[in-house]
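Chain residues, written in single-letter form:
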2 protein chains.
Amino acid sequence: MNNPIRRVAIAGGTHGNELVGVHLVKHWKSAPKEIQRASFSTELHLTNPAANKALRRYIDQDLNRQFYVEDLNNTGLMGCEQQRAKVLNELLGPKEDPRIDFVIDMHTTTANMGTSLIFNLNDPFVVGMAFYIKQKMPNATLFFNPRTRLEDNFLMSVGRLSGLLIEVGPIAQGLLNYEVYSQTQSAVYHGLDYIEARNTGQYLDLPSQLSGYKFTEKVPLPVDEDGEITAMIHPNLQDKDYCEIAPGDPLFITLAGKTIYYQGESSVYGAFINEAAYYDQNIGLSFMEKIDIVLNDK
Amino acid sequence: MNNPIRRVAIAGGTHGNELVGVHLVKHWKSAPKEIQRASFSTELHLTNPAANKALRRYIDQDLNRQFYVEDLNNTGLMGCEQQRAKVLNELLGPKEDPRIDFVIDMHTTTANMGTSLIFNLNDPFVVGMAFYIKQKMPNATLFFNPRTRLEDNFLMSVGRLSGLLIEVGPIAQGLLNYEVYSQTQSAVYHGLDYIEARNTGQYLDLPSQLSGYKFTEKVPLPVDEDGEITAMIHPNLQDKDYCEIAPGDPLFITLAGKTIYYQGESSVYGAFINEAAYYDQNIGLSFMEKIDIVLNDK
């Protein structure tokens, strides 16, 4: 690797009511050796303390959608998270020439997504980290959300090589859960070990290809003319993240008990099924495409 | 029964982010026949619309703790829910001589409590309803939280015969879930059928005694000198609501992974284990006593 990783940022509480990341940051502040590796420095960041104090996902906007370069440079954006993004860009970035090489951002979901390794940048270093963690945690799922770094609005896009979003569920908001906590912790340790191995030129016996899922679209919940939700996730689909949804399969069930079926022409796969945080936009789930993810550089 | 039930209130959204009750109220407003019974009238109430709009449990205080007679009569209490309680007392009460005979209040929990039938008043009409619903829904659990009506601060204490709190979980806050929705719906229908049967003098073959759980105390999460949580529910206890906790069993696990054991001298039973809503007071679970509940009047 031409440019070794020198500085890693671990972020928790980007969504203020996702407490697992918040408490992992607090824990590591009192036990810093657990995240220290010899070849690079690791920083801990509580990224949205105002929302965390209020035990809310956000105060004004979703912080993890505020990192477009254009928005970071627009001083007219006055929302709490719009301001916070600018401060984080000063702390970690600036995005156009970042101080931080790689960001690990810890999230939780109310959906039954297990340990999902979300990466947006199709870069061999990033994909290699996801492959490495999947090798150590075989139940983890690779979740590819294709973006170029400068056209990405996630917090992790501030890192020079972008980063990895570790999304673990199911867990309610505002809650700690040991299994989710320890899964997140393990994924972070493996991620740091991977960076250490790459920095020091260790041979990593990674596969050249793994199966994963690519985000394609968000699927709205049915609403009435007033924008009120009229249906919920069908019980056959609840908790079935990363399972196949074939044409004619149930998607939703109305408040009156009527089933609404998937009308597409080909199978898709679900993720973020019944994620509480997406109710503010009446989103019921994401459709994903099952893909082979290729690691081009070993 | 000397005093038949003439007016029943069904309440949803007493906690604004418990969406199942909110959407059941909305559904029944468009399908009122489902909750109509011949011998009494049924009213639907969205009890905390401000908190529901904000998708929060409450704006200023927990609404379901604002119904002490003294507080209802104290015009100096200025919080959003303190004011709302006074309005609900006008709508349903007044508590000292209520217009409404019985309140059914629909709640959800992040704890794995299934369908819990929470009643505070040890009155044969109230206990009989819980027994009747349990007969129809054998997996439901009887949860007795002993209070006299005038010394109770729950919303349902505004009813002449108090009421029943239907608590269904696990479900994250801010979410709908069909299983939780339909369990709640069924419990309400059985409750209304019971009132109809009692009003019309039908013979109900109810048992004279059933096993249930009596609330004894709330158990705090371990905190440090700054009041910050230092431990979470132990994985062996997570989701084990209504299971026995024997002396020496694990209760909590610290952020650093150290187990904290139950030090009591006799067994207890857990409920509201890892309820997100109680993190504002750093409460980890409730201890319950397993009891035989006696139906004195058949």
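Just so it is clear, the model here is predicted, and its values are computed rather than measured.

Undergrad: Residue-level account of the overall build of chain A, with values.
TA: When helices and strands are tallied, chain A shows six helices and 13 strands. Here the C-alpha atoms of chain A give a radius of gyration of 19 Å, agreeing with the 19 Å that 2.2 N^0.38 yields for 298 residues. Along the first, second and third principal axes, the C-alpha atoms of chain A reach 60 × 45 × 35 Å. In chain A, buried positions account for 60% of the 298 residues. Excluding contacts between residues fewer than 6 apart, the proportion of contacts in chain A whose partners are at least 24 apart in sequence is 72%. Carbon together with sulfur atoms contributes 47% to the accessible area of chain A, which is approximately 11800 Å² in total. Averaging the locations of the 26 positively and 36 negatively charged side chains of chain A gives two centres separated by 8 Å.

Undergrad: With reference to specific residues and values, describe the nonpolar core.
TA: If you look at the biggest cluster of nonpolar residues, it comprises 142 residues, and the most contacted ones within it are A:F102 and B:F102. For A:F102, the contacting residues outside a window of four places in its chain are A:I5, A:R7, A:V8, A:A9, A:F125, A:V126, A:M129, A:L161, A:S162, A:G163, A:L164 and A:I195.

Undergrad: Account for the confidence of the model for chain A, with residues named and values stated.
TA: On average, residues of chain A score 96 in pLDDT, and 99% of them are at 70 or above. Our summary of model confidence lists the complex with pTM equal to 0.95 and ipTM equal to 0.92.

Undergrad: Any details on the interface of chain A and chain B? Residues and values, ideally.
TA: Contacts between the two partners involve 28 residues from chain A, matched on the other side by 28 residues from chain B. Here chain A and chain B share an interface that buries about 2500 Å² over both sides, 68% of which is from carbon and sulfur atoms. Scanning the region where chain A abuts chain B turns up two salt bridges. The salt bridge involving B:E228 is made with A:K26; its shortest N-O contact spans 2.4 Å. At the junction of chain A with chain B, the criterion picks out eight residue pairs in polar contact (both at pLDDT 80 or more). Among the elements of the structure, α1 (19–30), α6 (178–199) and β8 (231–233) of chain A are those that each provide at least two residues to the side of chain A that touches chain B. In terms of residues, the side of chain A that touches chain B owes the most to one element, α1(A), which gives four residues. The residue makeup of the side of chain A that touches chain B, split by class, is 15 nonpolar, eight polar and five charged.

Undergrad: Kindly report on the pattern of salt bridges, identifying the contributing residues and their values.
TA: Enumeration over the complete set of coordinates arrives at 16 salt bridges over all chains. The salt bridge partner of B:R147 is B:D152, with a shortest N-O separation of 3.0 Å. Looking at B:R147, the relative accessible area reads 26%, which means it is partly exposed. Shared partners join several salt bridges into a network, and the residues in it are A:E18, A:R57 and A:D62.

Undergrad: A description of the packing of aromatic side chains should follow, citing residues and the corresponding values.
TA: Residues and elements named next belong to chain A. Counting across every chain of the model gives 20 aromatic pairs over all chains. Plain terms: the ring middles of F125 and Y194 are 5.2 Å apart, the flat faces sit at 50 degrees to each other, and that makes the pair tilted. One end of the pair, F125, is in helix α5 (residues 124–136); the other, Y194, is in helix α6, and 69 residues separate them in sequence. Classification of F125 as buried rests on a relative accessible area of 3%. Classification of Y194 by relative accessible area gives buried; the value is 0%.

Undergrad: Talk me through the sheet that holds strand β4 (residues 114–119) of chain A; I want residue IDs and the actual numbers.
TA: Residues and elements named next belong to chain A. Ordered in space as β2-β1-β3-β6-β4-β5-β7-β13-β12-β9, the 10 strands form an open sheet in which the pairing is mixed. Edge strands, defined here as strands with exactly one partner in the open sheet, are β2 (41–46) and β9 (244–245). Sheet strands touched by α1: β1 (7–12), β2 and β3 (102–108). Its angle to β2, the strand with the most contacts, is close to 130 degrees.

Criteria and cut-off values
- Residues numbered from 1 in each chain as written.
- Chains lettered and ligands numbered in written order.
- Predicted model: local features only at pLDDT ≥ 70, side-chain atom pairs only at ≥ 80, totals over all residues.
- Heavy atoms only, no water.
- Helix = DSSP H or I, 4+ residues; strand = E, 2+ residues; numbered from the N terminus.
- Rg over C-alpha atoms; globule rule 2.2 N^0.38 Å.
- Buried < 20%, exposed > 50% of the residue type's maximum accessible area, 1.4 Å probe, protein only.
- Contact = heavy atoms within 4.5 Å.
- Areas by Shrake-Rupley, 256 points an atom, 1.4 Å probe, with all protein chains shown as cover.
- Lys, Arg positive; Asp, Glu negative; His and termini not counted.
- Charge placed at Lys NZ, Arg CZ, Asp CG, Glu CD.
- Core = buried A, V, L, I, M, F, W, Y, C linked by side-chain atoms within 4.5 Å.
- pLDDT = per-residue confidence, 0-100.
- Buried area = accessible area lost by both parts, 1.4 Å probe.
- Salt bridge = Lys/Arg side-chain N within 4 Å of Asp/Glu carboxyl O.
- Polar contact = N/O pair within 3.5 Å; in protein donor to acceptor, adjacent residues only side chain to side chain.
- Nonpolar A, V, L, I, M, F, W, Y, C, P; charged D, E, K, R; others polar.
- Phe/Tyr/Trp six-rings, centres within 6.5 Å; stacked < 30°, edge-to-face > 60°.
- Pairing = 2+ DSSP bridges.
- Axes fitted to C-alpha atoms, helices over the stretch in contact; angles between N-to-C directions.

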